[in-house]
Amino acid sequence: MSEIMQLKDQLIEAIKTSQPKPLAAGESVIEIHGALRHLTAFYERLRQLIDYQEERFIRRLAIRRILFRRILIEGDRKPIGEALARELIRAAYIENAKYPTRTAMEIDEILKKYLAALPAVERRYQPPELIRMQRRLLGIAAAEIEDYLTPAYIDRVLAERLAVEIASYTKTNVTDDIRLIALRQFLKADAELATWRLTQRGDKTTPGSLPTIWEKFVATPGEHVSELLREIVKCEFLINDRRIEARVRHYQRLTPPYILLADLAYERAKDIHLLADQPDKLDRALASLLQERLEWTEGKLHRAMIRATVYIFITKVIIGIALEIPYDLSTMGHIAYLPVIINILVPPLLMVIAALSIRPPSSTNNEILLKRSKMLFNDGDIPFLVEFEGHRPRSGFKSFFNTLFYFAAYVVSFGGVIWVLNRLSFNIASMLVFLFFISVVGFFAFRIRASAKEMAVIRESEGIAILIFDFFALPFLRIGRWLSVTVRQINVVLFVLDFLIEAPLKVVFVAIEDWFAFLREKREELS
């Protein structure tokens, strides 16, 4: 229980470690002048609407995208630290005039091992597997760079403590699988972020452990990059494994106190050491931060709804132009306007209904959350919240019945919708478009509704109407989940933006920026 008893001190130490090094006297900073920053930031916001991602992933994925473009597409393998920092500033991913010029050299030092490993990756793999492996390797690089730009010591402490709590339920030691579950719950980590974080924790003495593989990779990147990539693939497999997903869901209600303590550490960094000895102030601070968190979550949900709706609308226009309208013209000689109008209006309407149906956590939930957060911060043993993990065995008959019932849900749901569409004179193309969007919208709405429950520590009661709705909606959610991943992989608009527009656009921005800098120098010479 030593780790539990030290959590408060670990947070205080993490805050101290996270403080940036002060600028030396006369040390210059990386600074971008002019209005181009606003244009680049606008482009990035536009791209975010088209590429629907979790908000917390956006900057890291932008770093990976920039690395992929500069290193692999443009073939620029010389030091790019300053160029990367400037791109991030232009896109408003990091603050302007905050980071010293030494930041560029330190980013280049981080990238050195990855650049040294790329030739070995290119020799070992062939397309299309080569592209996936390159993207994975640069994904680890992006995670490391983001952690350097914004140190995550507080998140590491809390994720490790969450892993300890999960292990107390399973009555085992903390393993990498349990750490992965904690990272998925606390940070919603994908495989690249999870792999990077796991390289920084755990046993460094056991052969084959991730920290050991990482140390070998750092020492000789070309020789050990394949081992690191295998760990990323393994992590991807585990994240998508149903057993891991089930365990993440099982322990999800343990996470809210850690989210609230992270807010406390970030927002009250200057006086957090005083709150431990002043219970009343700690109570008020936690209650205030919880209210802010709930308001922020509400705003995030609205932004997510807007982004998802725009993403769906753009995809709908593309599919309509490419499939639905040409099919109508070729088979009927005219456009069937009713199916087109329904296909345009129904998906956004469903998103609005989903947004209006979201309810904040109850006051009882908030009271329990605040109590558990305070106990956790004050080094106390918090009571068990969820039942012990265990698989409930089912007989062969029950398994067969459940499978049959699940299959019936697909038949009833899709069959009923197809029957209604047929009565509305939908042709096969219009039907496919409707089913595609109703499934994708349903999955997006489900994800957004699930994120609204991130601060839930108790199960809220659900009525019979919700259960009936889930029965009919589940088939669409399953199909929507698969489609959302597939569509992202073949997103034509993103391909055009990334490869045909972004690269030349960034070159133009840099050229204009250099010209402005030249004009400023000439103007200063006259003063």
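Residue numbers here run from 1 along each chain, matching the order of that chain's written sequence. Since the coordinates come from a predicted model, pLDDT governs what is reported: local features require at least 70, and pairs of side-chain atoms require 80 or more to be given and counted, while whole-chain, interface and lining totals use all residues. Based on all heavy atoms of the structure, the side-chain values leave hydrogens and waters out of the count.

Visitor: I'm lost on the overall build of the chain in this one. Help?
Guide: Secondary structure elements are defined from DSSP: runs of H or I of at least 4 residues count as helices, runs of E of at least 2 residues count as strands, and each element is numbered from the N terminus. In terms of regular secondary structure, the chain is built from 22 helices and zero strands. For the chain, buried positions account for 46% of its 527 residues. Of the contacts made within the chain by residues no fewer than 6 positions apart, 79% connect residues no fewer than 24 positions apart. Accessible surface, the chain as shown: approximately 27700 Å² in total, 63% of it carbon and sulfur. For every residue, the accessible area obtained with a 1.4 Å probe (protein chains only) is divided by the maximum for its type, and the residue is called buried under 20%, exposed over 50%, and partly exposed between those limits. It only takes one pair of heavy atoms within 4.5 Å for two residues to be counted as in contact. Note on areas: Shrake-Rupley, 1.4 Å probe, and residue coverage restricted to the protein chains presented here.

Visitor: When you look at the pattern of salt bridges in this model, what are you seeing that I'm missing?
Guide: Between side chains of opposite charge, pairing is possible as soon as their charged atoms come close. When a carboxyl oxygen of Asp or Glu lies within 4 Å of a side-chain nitrogen of Lys or Arg, that pair is called a salt bridge. In total, this model carries 26 salt bridges according to the counting rule given. A salt bridge links Arg60 to Asp190, with the nearest nitrogen and oxygen atoms 3.1 Å apart. One end of the pair, Arg60, is in helix α4 (residues 58–73); the other, Asp190, is in the loop between α9 (176–187) and α10 (191–199), and 130 residues separate them in sequence. Each of Arg56, Asp263, Arg293 and Glu454 takes part in a single network of salt bridges with overlapping partners.

Visitor: What is the right way to look at a negative patch on the surface in this model?
Guide: Only residues whose relative accessible area exceeds 30% and that form no salt bridge are eligible for patches; like-charged ones are grouped when within 9 Å, while nonpolar side chains (Val, Leu, Ile, Met, Phe, Trp, Tyr) are grouped when within 5 Å. We treat Lys and Arg as the positive residues and Asp and Glu as the negative residues; His and chain ends play no part in the count. Where a charge lies is defined by one atom per residue type, namely NZ (Lys), CZ (Arg), CG (Asp) and CD (Glu). A surface patch of negative charge is lined by Glu267, Glu292, Glu295 and Glu298. Sort the elements by how many residues they give to the negative patch and helix α16 (residues 279–331) lands first, with three residues. Tracing the chain through its elements places Glu267 in helix α14 (residues 256–267).

Visitor: I keep staring at α10 and nothing clicks. Help me out?
Guide: Burial analysis of α10 places nine of its nine residues in the buried class, the great majority of the element. Of the surrounding elements, those touching the buried residues of α10 are α4, α7 (129–149), α8 (153–170), α9, α11 (210–219) and α12 (221–240).

Visitor: Explain the packing of aromatic side chains here, please?
Guide: Within a pair of aromatic rings, the relevant descriptors are the distance that separates the centres and the angle that separates the planes. Two rings from Phe, Tyr or Trp (for Trp, the six-membered ring) form a pair when their centres are within 6.5 Å of each other. A pair whose planes differ by under 30 degrees is stacked, one over 60 is edge-to-face, and the rest are tilted. Evaluated as defined, the whole model comprises nine aromatic pairs. With 5.6 Å between their ring centres and 65° between their planes, Tyr169 and Tyr251 make a pair best called edge-to-face. With Tyr169 in helix α8 and Tyr251 in the loop between α13 (242–250) and α14, this pair connects stretches of sequence that are 82 residues apart. The two residues Tyr169 and Tyr251 agree in class, both being buried. Aromatic pair Phe414 and Phe476: ring centres 4.5 Å apart, planes at 35°, arrangement tilted. Here Phe476 lies in helix α21 (residues 464–489) and Phe414 lies in helix α19 (residues 396–423), a separation of 62 residues in the sequence. The class for Phe414 is buried, based on a relative accessible area of 17%. An aromatic cluster of three or more residues is present, and its members are Tyr114, Trp196, Trp214 and Phe217. Both a distance and an angle decide whether a charge sits over a ring: NZ of Lys or CZ of Arg must be within 6 Å of the ring centre and within 35 degrees of the ring normal. Note that Arg60 overlies the ring of Phe57, its terminal NZ or CZ placed 5.0 Å from the centroid. Above the ring of Phe68, the side-chain terminus of Arg135 is found at 4.6 Å from the ring centroid.

Visitor: When you look at the side chain of Thr255 in this model, what are you seeing that I'm missing?
Guide: Within the secondary structure, Thr255 is located in the loop between α13 and α14. Here a polar contact means two N or O atoms within 3.5 Å. Within protein one must be a hydrogen donor candidate and the other an acceptor candidate, and residues neighboring in sequence count only if both atoms are side-chain atoms. Within polar-contact distance, the side chain of Thr255 engages the side chain of Gln185 at 3.0 Å. Contact partners of Thr255, with chain neighbours within four places excluded, come to Leu162, Gln185 and Phe186.

Visitor: Help me out: how do you make sense of the environment of Thr101 in this one?
Guide: Within the secondary structure, Thr101 sits in the loop between α5 (81–90) and α6 (102–124). Along the backbone, Thr101 and Gly81 are 20 residues apart, and their C-alpha atoms lie at a distance of 9.7 Å.

Visitor: For this particular structure, what's the right way to read the nonpolar core?
Guide: Soluble globular proteins: nonpolar side chains tend toward being buried together. Only buried residues count toward a nonpolar core. Its members are Ala, Val, Leu, Ile, Met, Phe, Trp, Tyr and Cys residues joined through side-chain atoms within 4.5 Å. Counting 101 residues, the largest nonpolar core has Leu67, Leu137, Ile145, Leu158, Phe186 and Leu264 as its most contacted members. The biggest single contributor to this core is α7, with ten residues. Setting aside chain neighbours within four positions, we find Leu137 in contact with Tyr114, Ala117, Leu118, Val121, Phe217, Val225, Leu228 and Leu229. Of all hydrophobic cores here, the second largest spans 20 residues; its members include Met351, Val433, Val441 and Leu483.

Visitor: What's the story with the packing of α8 against α9 in this structure? I'm lost.
Guide: Geometrically, a packed helix pair is captured by the angle between its two axes and the distance between the axes. Taken N-terminus to C-terminus, the directions of α8 and α9 make an angle of 120°; their axes are 8 Å apart at the nearest point. With respect to their mutual orientation, α8 and α9 come out oblique. Between α8 and α9 lies a crossing whose hand is right-handed. Contacts from Asp155, Leu158, Ala159, Glu160, Leu162, Ala163, Ile166, Ala167 and Thr170 in α8 reach Ile178, Arg179, Ile181, Ala182, Leu183, Gln185, Phe186 and Leu187 in α9. Classification convention: Asp, Glu, Lys, Arg as charged; Ala, Val, Leu, Ile, Met, Phe, Trp, Tyr, Cys, Pro as nonpolar; all other residues, Gly among them, as polar. Residues of the contact of α8 with α9, tallied by class, amount to twelve nonpolar, two polar and three charged. Axis definition: a line fit to C-alpha positions, over the contact stretch in the case of helices; interaxial angles, taken between N-to-C directions, run 0 to 180 degrees. Orientation is classified from the angle alone, with under 35 degrees giving roughly parallel, over 145 giving roughly antiparallel, 65 to 115 giving roughly perpendicular, and any other angle giving oblique. Less than a right angle of anticlockwise turn of the near helix away from the far helix marks a crossing as left-handed, whereas a clockwise turn marks it as right-handed.

Visitor: Looking at this model, I keep getting lost on the confidence of the model for the chain. Mind explaining?
Guide: Regions with low pLDDT carry predicted coordinates that are not meant to be interpreted in detail. The quantity known as pLDDT measures the predictor's confidence residue by residue, on a range of 0 to 100. Taken as a whole, the chain shows an average pLDDT of 83; of its residues, 87% reach a score of 70 or greater. Looking across the chain, the model is least confident in helix α1 (residues 2–5), with a mean pLDDT of 44, and most confident in α6, with 95. A low-confidence stretch, residues 1–5 (pLDDT under 50), is modelled with eleven contacts involving residues beyond four sequence positions or located in other chains.

Visitor: What is the right way to look at helix α2 (residues 7–18) in this model?
Guide: Working note: α-helix, 3.6 residues per turn, so residues spaced by three or four point in the same direction. Between its terminal C-alpha atoms α2 stretches 16 Å, which fits the 16 Å expected from twelve residues at 1.5 Å a residue. All buried positions along α2 are accounted for by Leu7, Lys8, Leu11, Ile12, Ala14, Ile15 and Ser18. End-on view of α2: buried residues confined to an arc of 160°, all on one side of the axis. By this rule, a helix spans an expected 1.5 Å times one less than how many residues it contains. The reported arc concerns the directions from the helix axis to the C-beta atoms and nothing else.

Visitor: Looking at this model, I keep getting lost on a nonpolar patch on the surface. Mind explaining?
Guide: There is a patch of nonpolar side chains on the surface, built from Phe313, Val317, Tyr337, Ile341, Ile344 and Leu345 and spanning about 570 Å² of accessible area. With four residues, the single largest contributor to the nonpolar patch is helix α17 (residues 337–356). Within the secondary structure, Ile344 is located in helix α17.

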